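# Residue-level structural notes
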Amino acid sequence: MEEKKTSLLHIISRIISDFFNPLVSLVIYFVYFSIQNYTFTEAFTHFLPILLITILPVIIWIVWNVKTGRYTNMDVSNRVQRKTLYIFIAVCIVSYLTFNYIKNGFIDFVMLFILILLFALQFSNLYIKSSMHTAFNVLVSALFFAFDVKIGFVWLGIAILVGVTRIILKRHTVKEVFMGAGIAVLVSFIYLYCNNKYQRNDLPTEVIPVETTIK
């Protein structure tokens, strides 16, 4: 009986962990934010470059490396294997930031802080394999907090739940989950502070997009 309960717990944990992986959580944020702040055409124009330059290449990169045996699994749980993943994601984000700046004349604030979190996790990875699932979901909760406090709290609960599932699935130790969460909390605090100080005060209109000009 106990074995069945444990098995069910692992199944549920796997579903939660897989669904709320960093890429899916970020996509949900971008889609929701776009719907709330843009027309369909504007949302499509805004999200398409992010999809083509960052999200799809990262997915293809992970799948290809898993199939060729370079990565053990889609989570890239191995700390050594994560080094190339961090580098590839960083290249994709920098490419998008460059494209967006050339095309629109401003730095995408959200993607910039995603890059900062990635660098922080990469540095941490030299010493401890911090949980990317937990870290990125904590950041996503901060992104929601910036324009919808209720959803921000909901997503913070999701981030905690995801952290628990990572421990249950033995993808991370308690220490690794707390490390990922701690790094993300620090980056998220800086993001919210900068978003409030440098962006909201500069916009005269009622719509306050997160991706505005940093002068």
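Parameters at a glance
Residues numbered from 1 in each chain as written. Predicted model: local features only at pLDDT ≥ 70, side-chain atom pairs only at ≥ 80, totals over all residues. Heavy atoms only, no water. Helix = DSSP H or I, 4+ residues; strand = E, 2+ residues; numbered from the N terminus. Contact = heavy atoms within 4.5 Å. Areas by Shrake-Rupley, 256 points an atom, 1.4 Å probe, with all protein chains shown as cover. Patch = residues over 30% accessible without salt bridge, like charges linked within 9 Å, V, L, I, M, F, W, Y side chains within 5 Å. Salt bridge = Lys/Arg side-chain N within 4 Å of Asp/Glu carboxyl O. Buried < 20%, exposed > 50% of the residue type's maximum accessible area, 1.4 Å probe, protein only. Phe/Tyr/Trp six-rings, centres within 6.5 Å; stacked < 30°, edge-to-face > 60°. Core = buried A, V, L, I, M, F, W, Y, C linked by side-chain atoms within 4.5 Å.

Let us look at the overall build of the chain. Of regular secondary structure, the chain possesses eight helices and zero strands. For the chain, the α and β elements follow one another from N to C terminus as α-α-α-α-α-α-α-α. Pairs at least 24 residues apart make up 70% of the contacts formed inside the chain by residues separated by at least 6 positions. Summed over all atoms, the accessible surface of the chain reaches about 11600 Å², with 72% contributed by carbon and sulfur.

To continue, consider a nonpolar patch on the surface. Taken together, the side chains of Leu 8, Ile 11, Ile 12 and Ile 15 define a hydrophobic patch exposed on the protein surface, amounting to about 380 Å² of accessible area. Assignment of secondary structure puts Ile 15 in helix α1 (residues 2–19).

The subject of this paragraph is the environment of Tyr 86. Within the secondary structure, Tyr 86 sits in helix α4 (residues 82–104). Of the residues examined, Tyr 86 reaches a relative accessible area of 0% and is grouped as buried. For the pair Tyr 86 and Leu 118, spaced 32 residues apart in sequence, the C-alpha to C-alpha distance is 6.9 Å. If we skip the residues at most four places from it in the chain, Tyr 86 touches Leu 118, Leu 121, Gln 122, Asn 125, Ser 130 and Met 132.

Despite not being glycine, Lys 170 shows a phi value in the positive range, around 60 degrees. Among the secondary structure elements, Lys 170 is positioned in the loop between α7 (149–168) and α8 (174–199). On the basis of relative accessible area, Lys 170 is assigned to the exposed category, the value being 73%.

Moving on to the packing of aromatic side chains. How two aromatic rings sit relative to each other is given by the distance of their centres and the angle of their planes. The full count for this structure, using the stated rule, is 20 aromatic pairs. Aromatic pair Tyr 29 and Phe 144: ring centres 5.4 Å apart, planes at 80 degrees, arrangement edge-to-face. Separated by 115 residues along the polypeptide, Tyr 29 in helix α2 (residues 22–37) and Phe 144 in helix α6 (residues 132–145) bring together distant segments of the chain. Neither Tyr 29 nor Phe 144 differs from the other in exposure class; each is buried. Pairing Trp 61 with Phe 88 gives two aromatic rings, centres 4.3 Å apart and planes at 10 degrees, and the pair type is stacked. Taken as a pair, Trp 61 in helix α3 (residues 40–67) and Phe 88 in helix α4 lie far apart in primary sequence, 27 residues in all. Trp 61 sits in the partly exposed class, given a relative accessible area of 23%.

Turning our eyes to something else, we now look at the nonpolar core. Counting 49 residues, the largest nonpolar core has Phe 30, Ile 114 and Leu 117 as its most contacted members. Broken down by secondary-structure element, the contributors of at least two residues to this core are α2, α3, α4, α5 (109–125), α6, α7 and α8.

A few words now on the pattern of salt bridges. Across all of its chains, the model carries four salt bridges by this definition. For Arg 14, the salt bridge goes to Asp 18, with nearest N and O atoms at 3.2 Å. One end of the pair is Arg 14 and the other is Asp 18, both in helix α1 and four residues apart, which spans about a single turn. Classification of Asp 18 as partly exposed rests on a relative accessible area of 35%. Arg 166 is the partner of Asp 75 in a salt bridge, and the nearest nitrogen-oxygen pair spans 3.3 Å. Of the two residues, Asp 75 sits in the loop between α3 and α4 while Arg 166 sits in helix α7, which places them 91 residues apart along the sequence. With a relative accessible area of 12%, Asp 75 lands in the buried category. Using a relative accessible area of 0% as the deciding quantity, one classes Arg 166 as buried. Taken together, the salt bridges that share partners define one network made up of Arg 14, Asp 18, Asp 75, Arg 166 and Arg 171.

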